[in-house]
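Coordinate inspection notes
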Amino acid sequence: MENQLSFLGAILLFVISFLSPVYVSGQVDSLIDDEYDRYKNRGDAHFRQGSYLEARRHYQSCLEVPGFEANPWIKSRIEYCSKYQVIRQQAENAQVAEAIGFYRELLGYNPEDANAKDKLIAIYDKKADDAFDLKRYREAIVNYGQMLKYTADEKKINEVNERIKKANVFRLNYQYSKLQIAAGVVAIGAGTYALLLRNDYQKKRNALDIISRTVDPENIGLIESSDGYRQYKEAYSDVQSAQNKNGWFKAGVGVAVAATIAELYLILNKSKLSTSAITWRPSSDSVGLTIGYRF
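Residues numbered from 1 in each chain as written. Predicted model: local features only at pLDDT ≥ 70, side-chain atom pairs only at ≥ 80, totals over all residues. Heavy atoms only, no water.

Things to note about the overall build of the protein chain
- Across its full length, the protein chain carries nine helices and two strands.
- Going from N to C terminus, the protein chain has its helices and strands arranged as α-α-α-α-α-α-α-α-α-β-β.
- In the protein chain, which comprises 295 residues, the share counted as buried stands at 31%.
- Relative to all contacts within the protein chain whose residues are 6 or more apart in sequence, the contacts with residues 24 or more apart total 56%.
- Here the protein chain has roughly 19,100 Å² of accessible surface; of this, 58% comes from carbon and sulfur atoms. (Helix = DSSP H or I, 4+ residues; strand = E, 2+ residues; numbered from the N terminus. Buried < 20%, exposed > 50% of the residue type's maximum accessible area, 1.4 Å probe, protein only. Contact = heavy atoms within 4.5 Å. Areas by Shrake-Rupley, 256 points an atom, 1.4 Å probe, with all protein chains shown as cover.)

Put into structure tokens, the structure is as follows:
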């Protein structure tokens, strides 16, 4: 009996001694994998953020984990980080127009680059506000629209669309004001021209009447003096010439009336501008926009 127990004890010790290294090895492998995953996840998070120096540092830590020293995916990721960091530095040192190109290039490589998106939003925001202050409302609307390409934040989208709506109202008001001024100028000019034609005709008609009473005081249709006949003929010719411009007079009155009506229409319709608005929203394409018009 004792021999049997000893034999079983020996077998048990053998099994334990055989399994222990396997168990310990599994524990070590699990710890190594966890360490690798921790560095990789941190690197991925910084990569998505566009923090390429931090991302590269964590990816390099991945290569220090036993068994991952030659991981090709990590090595390629480190190369990307180095390349993208150079582009980011170029963008930060460039003028606005060039910086936009560099940030767009980064998004072409890494569409998730949050830092590049934030930079572009800030650039277009300033460009839009500057254009708005200079009353270049169409330019402001375009730049506000560009901002929406780089955000999926519903609150931000609504905020920008409100600014687009405001800029559009200001743009239309500004255009209406310029049209009002133009209509007013045309109305005054055409009316003044018609009045000058009428006054010229009336002046020459009065001159003819005075000469007629002078050279033919009896109003019998007979002018005895050759000099008087010459004066009458010249005055009559002037009246005829002025009368021939009657068509221009009518045209001037017509243009003046039309311009006045147009000006009144513009004044009455300016108050209706706020009832409609153009809105921009990001399309399903990451670099596109859709446009909506609300009546």
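Digging into helix 3 (residues 72-93)
- With 22 residues, helix 3 should reach 32 Å at 1.5 Å per residue; the first-to-last C-alpha distance of 32 Å fits that figure.
- Within helix 3 the residues assigned to the buried category are Ile74, Arg77, Ile78, Cys81, Tyr84, Gln85, Ile87, Arg88 and Ala91.
- Two to three positions downstream of the cap, the backbone nitrogen of tryptophan 73 sits 3.0 Å from a side-chain oxygen, assigning the N-cap of helix 3 to asparagine 71. (Expected span 1.5 Å × (residues − 1). Polar contact = N/O pair within 3.5 Å; in protein donor to acceptor, adjacent residues only side chain to side chain.)

Quick look at the pattern of salt bridges
- Counting across every chain of the model gives ten salt bridges.
- A salt bridge links lysine 40 to aspartate 44, with the nearest nitrogen and oxygen atoms 2.8 Å apart. Pair noted here: lysine 40 and aspartate 44 are both in helix 1 (residues 2-49), with a separation of four residues, about one helical turn.
- The class of lysine 40 is partly exposed, set by a relative accessible area of 21%.
- Look at aspartate 44 and you get buried, because its relative accessible area is 11%. (Salt bridge = Lys/Arg side-chain N within 4 Å of Asp/Glu carboxyl O.)

With respect to a nonpolar patch on the surface
- Taken together, the side chains of Val253, Val257 and Ile261 make up a nonpolar region of the molecular surface, amounting to roughly 240 Å² of accessible area.
- Tracing the sequence through the fold places isoleucine 261 in helix 9 (residues 246-270). (Patch = residues over 30% accessible without salt bridge, like charges linked within 9 Å, V, L, I, M, F, W, Y side chains within 5 Å.)

Things to note about the packing of aromatic side chains
- Counted according to the given criterion, the structure contains eleven aromatic pairs.
- With centroids separated by 5.3 Å and ring planes inclined at 55°, the aromatic side chains of phenylalanine 132 and phenylalanine 170 adopt a geometry described as tilted. On the criterion of sequence distance, the pair formed by phenylalanine 132 in helix 5 (residues 114-133) and phenylalanine 170 in helix 7 (residues 154-215) is long-range, its members being 38 residues apart.
- With a relative accessible area of 36%, phenylalanine 170 lands in the partly exposed category.
- An aromatic cluster of three or more residues is present, and its members are Phe47, Tyr52, Tyr80, Tyr84 and Tyr109.
- Stacked on the ring of tyrosine 39, the Lys or Arg arginine 38 has its end atom at 5.7 Å from the ring centre.
- In this structure, arginine 77 packs its charged tip against the face of phenylalanine 47, placed 3.9 Å from the ring centre. (Phe/Tyr/Trp six-rings, centres within 6.5 Å; stacked < 30°, edge-to-face > 60°. Lys NZ or Arg CZ within 6 Å of the ring centre and 35° of its normal.)

Re the environment of glutamine 49
- Here glutamine 49 is to be found in helix 1.
- You can call glutamine 49 partly exposed: its relative accessible area is 39%.
- Each C-alpha atom, one on glutamine 49 and one on aspartate 113, is 5.3 Å from the other, the two residues being 64 residues apart in sequence.

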